[in-house]
Amino acid sequence: MAISAPEDFQLIHNVSRETMDRIYLFVDLFEKWSKSINLVAPSTLSDVWQRHVADSIQLYRLNPGPNRWLDLGSGGGFPGIITAILLRELGAGHVDLVESNNKKAAFLRNALMKTDANGTVHAIRIESAAEKLNGINAISARALTNLSGLLTYMEPWMIAGATGWLHKGRDYQAEIDNARRSWDFDLVEHISKIDADSIILQISNARRRH
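On to the sheet that holds strand S4 (residues 138-141). Ordered by their spatial adjacency, seven strands build an open sheet running S3-S2-S1-S4-S5-S7-S6, and the pairing between neighbours is mixed. Of all the strands in the sheet, the pair left with one neighbour each is strand S3 (119-122) and strand S6 (183-191). On average, each strand axis in the sheet is tilted by 20 degrees relative to the strand beside it, whichever way the strands run. Here S6 pairs with strand S7 (residues 199-208) via eight bridges, running antiparallel.

In structure tokens form, the structure reads like this:
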């Protein structure tokens, strides 16, 4: 199935022609690799520009600037590769993409190379990443695990002051309530402009309850 952007996508999302060219290139790579690797849910492939690209762009717009991002469970490259492409336009900032699946990591490396985006792929488990990656001030994760699990993964960097920017679906409130049984954290909820059933949680100052 061919994946094509709406004609007004560039205007709607306020990206340069050069950045749009890189996004087109990435989506083309994504389409080709998706034929042999399960990068995202198959049911969302036909709506990749809205469900994945635009959704990733809106997360970056909430926290723009030359940040050092950590993208956990990067999988198909959303939002990690899109963030790296947008940072390329900025001329500063970097994304460390953590993906333990070697085939997906190979796809991500190819995407970074072809788009000349600001990122590095680490084919390691998240639990091993804390000792290798520092200086992180922003963390993203999408369709990885529940909020309690994410807080456990993010803890080493959040203790050092990083903020989490996490895509969540319609059951997000139950995840928040469950996480608060074991964690204290500051929370800002950003309603999605892309999907009425989704939200982006901005989480900072997370600490385990004792």
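Picking up where we left off.
Quick look at the packing of helix H2 (residues 17-34) against helix H4 (residues 80-90) now. Taken N-terminus to C-terminus, the directions of H2 and H4 make an angle of 155 degrees; their axes are 10 Å apart at the nearest point. As judged from the angle between their axes, H2 and H4 are roughly antiparallel. In the crossing of H2 with H4, the sense of the turn from one axis to the other is right-handed. Of the residues in H4, those touching H2 at Thr-19, Arg-22, Ile-23 and Phe-26 are Ile-81, Ile-82, Ile-85, Leu-86, Arg-88 and Glu-89. When its residues are assigned to classes, the contact of H2 with H4 shows six nonpolar, one polar and three charged.

Moving on: the packing of H2 against helix H3 (residues 48-62). Axis separation between H2 and H3 bottoms out at 12 Å; the angle between their running directions is 130 degrees. By the angle between their directions, the pair H2 and H3 is classed as oblique. Regarding H2 and H3, the two cross each other, and that crossing is right-handed. When H2 is examined against H3, the residues Met-20, Ile-23, Tyr-24, Val-27 and Phe-30 are found in contact with a partner set consisting of Val-48, Trp-49, Val-53 and Ile-57. Residues of the contact of H2 with H3, tallied by class, amount to nine nonpolar, no polar and no charged.

By the definition in use, this model includes ten salt bridges. Salt-bridge contacts for Asp-28 lead to Lys-32; the nearest nitrogen and oxygen are separated by 3.2 Å. In this pair, Asp-28 and Lys-32 both sit in helix H2, four residues apart, roughly one turn of the helix. Across the salt bridge formed by Arg-209 and Asp-184, the nearest N and O atoms sit 2.8 Å from each other. Linking Arg-209 in the segment after S7 with Asp-184 in strand S6, this pair joins segments that are 25 residues apart in sequence.

The next subject is the environment of Ile-81. Turning to its location among the elements, Ile-81 is positioned in helix H4. Spatially, the C-alpha atoms of Ile-81 and Ser-140 are 11 Å apart, while their sequence positions differ by 59 residues. Ignoring sequence-local partners within four residues, the contact set of Ile-81 consists of Phe-26, Leu-97, Leu-108, Ala-111 and Leu-112.

All right, on to the pairing of S7 then. Strand direction decides the pairing type here: strand S5 (residues 163-168) and S7, joined by five bridges, are antiparallel. Its bridge partner lying in S7, Lys-168 is registered against Ile-199.

Moving on, we get to the side chain of Asn-110. If you trace the backbone, Asn-110 turns up in helix H5 (residues 102-115). Residues contacting Asn-110, with those up to four places away along its chain left out, are Leu-29 and Trp-33.

Turning next to the pairing of S3. Two elements, strand S2 (residues 94-98) and S3, share four bridges in a ladder whose sense is parallel. When the bridges of S3 are listed, Val-98 appears paired with His-122. Following the backbone out of S2, through H5 and into the adjacent parallel S3, one traces a crossover that is right-handed.

All right, on to the packing of aromatic side chains then. Applying the stated criterion to the full structure yields seven aromatic pairs. Seen in terms of ring centroids, Phe-26 and Phe-78 are 5.4 Å apart; in terms of plane orientation they differ by 65 degrees. Their pairing is edge-to-face. One end of the pair, Phe-26, is in helix H2; the other, Phe-78, is in the loop between strand S1 (68-72) and H4, with 52 residues separating them in the sequence. Each member of the pair Phe-26 and Phe-78 is classed as buried. What links up through ring pairs into an aromatic cluster is the set Phe-26, Phe-30, Trp-33, Phe-78 and Phe-107.

Analysis parameters
- Residues numbered from 1 in each chain as written.
- Predicted model: local features only at pLDDT ≥ 70, side-chain atom pairs only at ≥ 80, totals over all residues.
- Heavy atoms only, no water.
- Pairing = 2+ DSSP bridges.
- Helix = DSSP H or I, 4+ residues; strand = E, 2+ residues; numbered from the N terminus.
- Axes fitted to C-alpha atoms, helices over the stretch in contact; angles between N-to-C directions.
- Parallel < 35°, antiparallel > 145°, perpendicular 65-115°, else oblique.
- Left-handed = near helix turned anticlockwise from the far one by under 90°.
- Contact = heavy atoms within 4.5 Å.
- Nonpolar A, V, L, I, M, F, W, Y, C, P; charged D, E, K, R; others polar.
- Salt bridge = Lys/Arg side-chain N within 4 Å of Asp/Glu carboxyl O.
- Right-handed = clockwise from strand over helix to strand, strands pointing away.
- Phe/Tyr/Trp six-rings, centres within 6.5 Å; stacked < 30°, edge-to-face > 60°.
- Buried < 20%, exposed > 50% of the residue type's maximum accessible area, 1.4 Å probe, protein only.

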